[in-house]
Amino acid sequence: MEERKPVLEVKNLTRVFRQQDRAELAAVDHISFQLYPNEILGIVGESGSGKSTVARLVTRLLDATEGEIFFQGEDITRLRGTKLRKICRQFQMVFQSPAASFDPRRTLGSGIEESLRNIGLPRGKRQARVIELLEMCGLPGTYADRYPHQVSGGQCQRAAIARALATDPRLLVCDEATSALDVTVQKQVMELLAGLKEQQGMSYLFICHDLALVQNFCDRVLVVEKGKIVEEGAAGQVIRHPRNEYTRQLIEAVL
C-alpha cells in the first residue's frame, strides 16, 4: 500500500496559560497526531479538556508554547506575516457561533467577499463567486444581501461555511460547528459538510462533544482529558468498545 502523507501533523503540541495566581496550566499537554487526506478526525472531551485550544493552535490563532505543527509537510509553528497569511488560505475554521463570526454591520455577502479579496480575486469576479459559494452551501444567491441577524442560525452557519470555502482550503477545522443548532438543522449542516468533503476532497478536524455525531461522521477520534490524548482509534470502535475509563464515563454520561 502506498504510504499516505498527512495533511496535518502535530508533534508534542503544548500550550501553557499563566493563571491569576501566576501558576501555569497546560491546556494542551504534549499532544501528537496526524490527519490524512480526505479524512475526518474527531476530537472529543468534556468542556475544558483542551479540544478547542487544539483547534486554535493548529490554525495559528494561538501560538504554541512547545511542539511543532506541520501542514502539508511544512513547519508552520512559528510562521509570521506574509508567509503565514499565504498558507492560512489552505486551512479554514468554522466556529460554534456563526453570527458572532460575521460583522453585524455588514452583509453575509460582504463577509464572504472579503475572503475573496484577500486571496486576490479581481473585483469583477467576486460577486459571482459569492453567489456560487452560497448556492454550493444550499443558500439562494440573494442571501448575499442579508445581514447576520436576518437569517436563522443554520442559514448563518451555511454562510460561514461558504466563507470558509472561498479560499479553496485543503483542511476545514470545525470547532463545535453544530452544537448551537437544533437537531433538524444540525442534520442538514452535517449532510452539507459530508457532501462538500466528497466534492472538494477536503480533510476535517472535527471538534465536538456529541459522541453520536462523532461516531456517525468521523473516521477516527481522539479522546482528550486535561489536555492529553487518553484514547484514539476508529470512531466506531472507540465509542462502542472504549478502553479508557474517562472515555467510558463520557459515553455513560450521554446514555
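For the structure itself, look to the data block above.
Residues numbered from 1 in each chain as written. Predicted model: local features only at pLDDT ≥ 70, side-chain atom pairs only at ≥ 80, totals over all residues. Heavy atoms only, no water.

Visitor: Which residues make up the pattern of salt bridges, and what values go with them?
Guide: Enumeration according to the criterion identifies 14 salt bridges in this entry. Between E113 and R126 there is a salt bridge, and its shortest N-O distance comes to 3.7 Å. One end of the pair, E113, is in helix α4 (residues 108-118); the other, R126, is in helix α5 (residues 123-136), with 13 residues separating them in the sequence. By relative accessible area, E113 is classed as partly exposed at 24%. Owing to a relative accessible area of 12%, R126 belongs among the buried residues under this scheme. (Salt bridge = Lys/Arg side-chain N within 4 Å of Asp/Glu carboxyl O. Helix = DSSP H or I, 4+ residues; strand = E, 2+ residues; numbered from the N terminus. Buried < 20%, exposed > 50% of the residue type's maximum accessible area, 1.4 Å probe, protein only.)

Visitor: Would you mind going over the nonpolar core in detail, with residue names and values included?
Guide: Of all hydrophobic cores here, the largest spans 49 residues; its most connected members are I161, L193 and F206. Looking at this core, the element that brings in the most residues is helix α6 (residues 153-165), giving seven residues. Here I161 is in contact with V94, C137, V189, L192, L193 and L196, once residues within four sequence places are set aside. Core analysis: the next-biggest nonpolar cluster, separate from the first, contains 30 residues, A64, F71, L205 and L222 among them. (Core = buried A, V, L, I, M, F, W, Y, C linked by side-chain atoms within 4.5 Å. Contact = heavy atoms within 4.5 Å.)

Visitor: Which residues make up the packing of aromatic side chains, and what are the values?
Guide: For the structure on display, the rule yields three aromatic pairs. Ring centres 5.0 Å apart and planes at 75° place the aromatic pair F71 and F91 in the edge-to-face group. In this pair, F71 sits in strand β4 (residues 66-71) while F91 sits in strand β6 (residues 91-94), placing the two residues 20 residues apart along the sequence. The class for F71 is buried, based on a relative accessible area of 1%. We classify F91 as buried; its relative accessible area is 4%. (Phe/Tyr/Trp six-rings, centres within 6.5 Å; stacked < 30°, edge-to-face > 60°.)

Visitor: Break down the side chain of R129 for me, with residues and values.
Guide: Mapping R129 onto the fold places it in helix α5. Aside from chain neighbours lying at most four places away, what touches R129 is L116, L121, M136, L165 and D168.

Visitor: Mind laying out the packing of α5 against α6, listing which residues take part and the relevant values?
Guide: For any two helices packed against each other, one specifies the crossing angle of their axes together with the interaxial distance. Where α5 meets α6, the axes come as close as 8 Å, and the angle between the chain directions of the two elements is 125°. As judged from the angle between their axes, α5 and α6 are oblique. As α5 packs across α6, the resulting crossing turns out to be right-handed. Residues R129, L133, L134 and M136 of α5 pack against A159, A162 and L165 of α6. (Axes fitted to C-alpha atoms, helices over the stretch in contact; angles between N-to-C directions. Parallel < 35°, antiparallel > 145°, perpendicular 65-115°, else oblique. Left-handed = near helix turned anticlockwise from the far one by under 90°.)

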